[in-house]
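What the coordinates show
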Amino acid sequence: MLSRPASTSVAPETSDYLDRLRPLVDDTIEKLGNASFREDPIAGRKYSRVTSIISSAYKRHGAILDQALLERLKDCARFRVWTEHEFKLSHESLEHTRMSDRIEPLLRTDLPYGDRERSIRVDILVHDQESGAFTSYNVKRGNGSYDLGKRRLIQEDLLRTHMLLKDYGRNAGILPSSTHAHIVFYYDLLSLQPPLAISGSKLDEHFGFPVRDAIEKVNNYFVSRLHQLVDHDN
């Protein structure tokens, strides 16, 4: 956990928060409306299109949740927040995860950052400039389950990120007091367990800053635009 318990007095929701997210939502709706679809023989045009729009909306919603959380965290004065599009996962981190079936030893391991076996996107990096904590987050909808193989891949990437995070921070000019890699399952269906996983319902408590209500305003706007799109077509 990053800091103190959430409080409405920590920081109010900034007035331009939803305005910052509107272009992303509007662009997503436009792409959904313009997407081509294959008519299913038993569904017909109407229901085939609705199914296509809704299933695509599920996939695109994750990116909206990610950006909504990122932008909300930027409203907290004590946080420095960014995205890393090319976080390097080293050969050594891969070897460590393949040698151990237990996560506890890996969570106590710090490795040098810089070597690259492959790169991944880290959705959100947060440096708490008061406590010194440095944490990473990948964001999932968390409204469905992954199969065992996918869960293993997600956990492996998280553990490798965790082992490299402290030295990544040092390279970025940060001397972290603590580090941790997390994955957020916004709708609380956890495919991994704590301490790697965080439920969306516990985000305010985790950050010591109110984020959930702000994100729900973005969700409500997205749902409203999505329903308008589906209703217009029918």
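Residues numbered from 1 in each chain as written. Predicted model: local features only at pLDDT ≥ 70, side-chain atom pairs only at ≥ 80, totals over all residues. Heavy atoms only, no water.

Some words on the overall build of the chain
If you tally the helices and strands in the chain, you get seven helices and five strands. Scanning the chain from its N terminus toward the C terminus, one meets helices and strands in the order α-α-β-α-α-β-β-α-β-β-α-α. Whereas a compact globule of 234 residues would reach a radius of gyration of roughly 17 Å, the chain reaches 19 Å, a difference of no more than 12%. Considering the chain as a whole, with its 234 residues, one finds that 45% of them fall into the buried category. (Helix = DSSP H or I, 4+ residues; strand = E, 2+ residues; numbered from the N terminus. Rg over C-alpha atoms; globule rule 2.2 N^0.38 Å. Buried < 20%, exposed > 50% of the residue type's maximum accessible area, 1.4 Å probe, protein only.)

Quick word on the pattern of salt bridges
Following the criterion strictly, the structure yields 18 salt bridges and no others. Where Arg20 meets Asp16, a salt bridge forms, and the shortest distance between an N and an O atom there is 3.3 Å. The class for Arg20 is partly exposed, based on a relative accessible area of 29%. (Salt bridge = Lys/Arg side-chain N within 4 Å of Asp/Glu carboxyl O.)

Some words on unusual backbone geometry
Put simply, Pro194 and Pro195 share a cis peptide bond, and its omega is 10°. Structurally, Pro195 is set in the loop between strand S4 (178–185) and strand S5 (197–199). The backbone phi angle of Asp188 is positive, close to 75°, even though this residue is not glycine. As for its position among the elements, Asp188 is in the loop between S4 and S5.

Focus: helix H2 (residues 44–73)
Counted at 1.5 Å a residue, the expected span for H2 with its 30 residues is 44 Å, and the 44 Å between its end C-alpha atoms agrees. At Lys59, H2 is bent by approximately 30°, the largest bend along its length. (Expected span 1.5 Å × (residues − 1). Bend = angle between axes of the 7 residues up to and from the residue.)

Description of the packing of aromatic side chains
What the rule picks out here adds up to nine aromatic pairs. Note on Phe79 and Phe207: the rings are 6.2 Å apart at their centroids and 65° apart in plane angle, and the pair reads as edge-to-face. Residue Phe79 is found in strand S1 (residues 79–89), and its partner Phe207 is found in helix H6 (residues 203–207); the two are separated by 128 residues along the sequence. On the basis of an interplanar angle of 40° and a centroid distance of 5.1 Å, the ring pair of Phe87 and Tyr168 is categorised as tilted. Of this pair, Phe87 sits in strand S1 while Tyr168 sits in helix H5 (residues 148–171), and the two are 81 residues apart along the sequence. Considered together, Phe87 and Tyr168 belong to a single accessibility category, that of buried residues. Three or more aromatic residues link up through ring pairs in this structure, and these residues are Trp82, Phe87, Tyr113, Phe134 and Tyr168. Stacked on the ring of Tyr221, the Lys or Arg Arg22 has its end atom at 4.9 Å from the ring centre. Taking the ring centre of Trp82 as reference, the NZ or CZ of Arg80 above it sits at 4.4 Å. (Phe/Tyr/Trp six-rings, centres within 6.5 Å; stacked < 30°, edge-to-face > 60°. Lys NZ or Arg CZ within 6 Å of the ring centre and 35° of its normal.)

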